[in-house]
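This is what each chain is made of:
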Amino acid sequence: MKAIVKSAAGKGIEVQDIPVPTPGPNDVVVDVAAASLCGTDRELYEWTPAAQAFGLTLPVVLGHEGAGTVTQVGADVTDLAPGDRVALESHLACGRCYPCRTGNAHTCDNTKILGMHFDGVFAETVAVPREICVRLPDSVSLETGALLESAGVGVHAIQRTGHAVAGRTVLVNGCGPIGLVIIQLSMLMGAAHVVAVEPNPFRRQLAEELGARAIPPTAELPQLCRELTGARGGFDVAFEVSGVNGVLSGLFESLRREATLVTIGHPGVQPTVDVAAYINKKGITWRGIFGRRLWDTWEDLLLLIDSGRLNLDWLVTHRLSLDSAEEAIGLLTGDANKVLLVPGLR
Ligand SMILES: NC(=O)c1ccc[n+]([C@@H]2O[C@H](COP(=O)([O-])OP(=O)(O)OC[C@H]3O[C@@H](n4cnc5c(N)ncnc54)[C@H](O)[C@@H]3O)[C@@H](O)[C@H]2O)c1
Ligand SMILES: [Zn+2]
Ligand SMILES: [Zn+2]
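Residues numbered from 1 in each chain as written. Chains lettered and ligands numbered in written order. Predicted model: local features only at pLDDT ≥ 70, side-chain atom pairs only at ≥ 80, totals over all residues.

Digging into the site of ligand 1
Inclusion rule: Nearness here has a simple definition: the residue's C-beta atom, placed using the backbone, must lie within 6 Å of the molecule or strand. Secondary structure elements are defined from DSSP: runs of H or I of at least 4 residues count as helices, runs of E of at least 2 residues count as strands, and each element is numbered from the N terminus. Classification used: nonpolar for Ala, Val, Leu, Ile, Met, Phe, Trp, Tyr, Cys and Pro, charged for Asp, Glu, Lys and Arg, polar for all others including Gly.
The environment of ligand 1 is formed by 28 residues, the closest being Gly-174, Gly-176, Ser-242, Gly-243 and Gly-265. At the level of elements, α5 (148-160) and α6 (177-188) are the ones that each hand at least two residues to the shell around ligand 1. At 3 residues, the largest contribution of residues to the shell around ligand 1 is made by α6. Per-class residue counts for the shell around ligand 1 are 14 nonpolar, 12 polar and 2 charged.

In structure tokens:
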């Protein structure tokens, strides 16, 4: 079968013909309907320091966002059967460490990641541990299923604020797919104002369509936020979703006292933060997230979609075949949002 393989430490990927996987006792074989790309795939292609920090098990089939139909189950799998439609959680938690045993499996000490430490979804078929399969309701298409891993990061970010976006002023720095989902959810949950910061006009347009006021990065951001919020003195909640270096001070400045900042982007350089000014004296709560909460993020996300309140289909701007994986990675930095690899396309 066809698969996109990272075979060596260095730049590049290969389209390879590899054997169809067979399931171990606890595995499920999934016929991949759609796999989604994200910035991490570009990092892995380029072999940046951030990519190297993931400690890949090479060679490995790439792809950590995907959904499909179960075709085969291992001997010990009793709760899934051929024909079931599943999306995949990309983080495989050990289930035994302290975080796992205390309800925080998203920060598992021994996390293994799909498409990094075991073969991923940029392939016609994948064999995965049963634990990472999430059964899809009939109302959720397989293509939407492929968007849930990344949309779940947005849901987790909002959960992390205690859903503090309702009736509040919200600042979103970066309108990639995750930032856009945070904007969509904030509007859905009743935010009073959402300001989005994004250099790419195509993505600013998407943010505006969701109801945000979208502006390019500017040193005037704190002043604008203070003008918009009057006596509040700044925004209630900010999300950092660009991963770009040097943006945090502007966000701390744009927030009111006792506000909340959630960082999602992983900056390449360790930032310097004025702890005395922002954390101590201004009283800002700074939190971060990694992946999705297991499994309440998935439950909340699926509930919103199944209820008809949340539709993610608009996120997809491109669909390409596995042969076009390199082209798909190139699209990520242009006028695109979610780019899908569809193994059924030739
Ligand atoms: N914490 C987690 O679990 C987790 C999970 C997935 C992704 N991430 C990270 O979240 C970030 C966003 O992911 P994505 O898939 O939406 O990625 P993305 O790279 O598509 O989006 C980043 C956006 O930030 C914009 N940007 C660039 N410079 C900016 C600036 N100065 N100010 C504001 N915006 C700027 C880019 O134009 C782009 O639209 C990435 O850094 C990614 O690595 C974190
Ligand atoms: Zn991803
Ligand atoms: Zn664990």
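A few points about the sheet that holds strand β11 (residues 169-173)
As a reminder, the rule being used: At least two bridges found by DSSP between two strands is the condition for calling them paired. In this description, a line fitted to the C-alpha atoms serves as the axis of each element, helices being fitted only across the stretch in contact, and the angle between N-to-C directions of two axes falls anywhere from 0 to 180 degrees. Note that contacts rest on C-beta atoms placed from the backbone: two residues are in contact if these are within 7 Å.
Spatial strand order, β13-β12-β11-β14-β15-β16: 6 strands in an open sheet with parallel pairing. Looking along the sheet, the strands with just one partner apiece sit at the ends: β13 (213-215) and β16 (285-288). Strand after strand, the sheet turns through a mean of 15° between neighbouring axes, direction not considered. Against the sheet, α6 touches β11, β12 (193-197) and β14 (235-240), its axis set at about 170° to β12.

Focus on the nonpolar core
Note the following rule: Here, a nonpolar core means buried Ala, Val, Leu, Ile, Met, Phe, Trp, Tyr and Cys residues linked by C-beta atoms lying within 7 Å of one another. Put plainly, a residue is buried at 20 or more neighbouring C-beta atoms within 10 Å of its own, exposed at 12 or fewer, and partly exposed in between, counting only other residues' C-beta atoms, which are placed from the backbone. Per the annotation, domain bounds derive from an automatic or database assignment of domains.
With 101 residues, the main nonpolar core has Phe-122, Val-172, Ile-182 and Ala-196 as its most contacted residues. Per-element tally for this core: the top contributor is strand β3 (residues 27-36), with 7 residues. Mapping this core onto the domain boundaries places at least three of its residues in each of domain 1 (2-147 + 312-341) and domain 2 (159-288). Apart from residues no more than four positions distant in its own chain, Ile-182 is found in contact with Gly-154, Ala-157, Ile-158, Val-172, Phe-239 and Val-241.

Some words on the domain arrangement of the chain
By domain assignment, the chain separates into domain 1 (2-147 + 312-341) and domain 2 (159-288). The interface is formed by 8 residues belonging to domain 1 together with 7 residues belonging to domain 2. When grouped by side-chain class, the residues that make up the side of domain 1 that touches domain 2 number 4 nonpolar, 2 polar and 2 charged.

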